[in-house]
Amino acid sequence: MTKEMFSVDDQNKTNGVSLDAHLVDISRTFRDFLLIERRRAQNTVESYGRDIDSFFCWLQENEDASPANWSKNTIIDYLKEMREKGKSDTTLRRRLASIRALAGLLVRDGHIREDFTADITQPAKWKRLPKTLSQEDMSRILLAPDDKTPQAVRDRAMFELLYATGMRVSEIIQLKLIQIELESGFCIVHGKGDKSRLVPIGDAAKEMIAEYLDTARLSLLRARKSDYVFLTSRGGPMTRQAFWARVKKWAKEAGVGKGVSPHVFRHSFATHLLNHGADLRAVQAMLGHSDISTTEVYTHVDRQRLRGLLDKSHPRG
């Protein structure tokens, strides 16, 4: 059977891979189907097309390349192997979506009788549990900016507020003075989809924010005016890149290790609240999740912690 050369990026680099002619034809038909009938954007067509080419290359090496012989297990085996190779959850879900679209086309055109993806759900077990810090490690990072330079006072205030409220990075860098009410201990957070939520601020965060507003912020402003709460050393609004850099710096100073990001603060906020008996719905409201299932992932983190405690401490764990 003749083959044509396809360039497939399956190892984060371009490799020449020979596909059987009938798979090349299916791939081209699939792209035309997405572009013409589904009216998908060109970038989407190319993205889905690359996913299918990757799947076809794997089939040629591991399975029967005839669509009539593909099954649910074929897809599961493929996705498991991609997971083992380090593909992200986002990539896996997109590849499954691409294969679903392909299966629908194959059924329509009579290549297969039944959709071999019909019984495959988006399994929650593919979702990696969010990384969290222990309360001890979190305290070490919060206390790391211990000098009284304007930058250190600002960083301590940012970190305390982030951990106290579970805000996203985008929410905290866009935070304006009018959104904070220290006297009542609340903050109005403007989240995704232009939705606002009212989040309480703990005493430690209130104290650090008050100190920052009275001292460090005035120094960072350099006699300028700004509505934003947190400022860079140049007096402008804090940026996402600068925020990440500050978190990385102080996590290193605290000796906590690699992989600490602003979002880890958010994950730790939710997990620690639930560990101490907070209501799941209350945590959902504070995080700004529209779906309770998104918040429930933190209960899995707690169960994993309890499982670890049992394994470590119980004589028959």
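Coordinates for the structure precede this section.
Residues numbered from 1 in each chain as written. Predicted model: local features only at pLDDT ≥ 70, side-chain atom pairs only at ≥ 80, totals over all residues. Heavy atoms only, no water.

Chemist: Just to check I follow, could you spell out the overall build of the chain for this structure?
Modeler: The number of helices and strands found in the chain is 12 helices and five strands. Residues counted as buried form 43% of the 317 residues belonging to the chain. Counting every atom, the chain has about 17500 Å² of accessible surface; 48% of that belongs to carbon and sulfur. (Helix = DSSP H or I, 4+ residues; strand = E, 2+ residues; numbered from the N terminus. Buried < 20%, exposed > 50% of the residue type's maximum accessible area, 1.4 Å probe, protein only. Areas by Shrake-Rupley, 256 points an atom, 1.4 Å probe, with all protein chains shown as cover.)

Chemist: Got a minute to help me understand the pattern of salt bridges in this structure?
Modeler: Per the stated rule, a full pass over the model turns up 14 salt bridges. Across the pair Arg140 and Asp137 runs a salt bridge, and its minimum N-O distance is 3.1 Å. Residue Arg140 and its partner Asp137 are both found in helix 5 (residues 135–143); the two are separated by three residues, about one turn of the helix. For Asp137, a relative accessible area of 21% translates into the label partly exposed. A single salt-bridge network, built from bridges that share partners, covers Glu37, Arg108 and Asp109. (Salt bridge = Lys/Arg side-chain N within 4 Å of Asp/Glu carboxyl O.)

Chemist: What is the right way to look at the sheet that holds strand 4 (residues 186–190) in this model?
Modeler: Remark on secondary structure: sheet strands pair via backbone hydrogen bonds, oriented parallel or antiparallel. Reading across from one edge, 3-4-5 is the order of the three strands in this open sheet, with antiparallel pairing throughout. The sheet is open, and its two borders are formed by strand 3 (180–181) and strand 5 (196–200), each paired with just one other strand. Where strand 4 lies against strand 5, five bridges are found, and the strand directions are antiparallel. Its bridge partner being in strand 5, Val189 is matched across the sheet by Arg197. (Pairing = 2+ DSSP bridges.)

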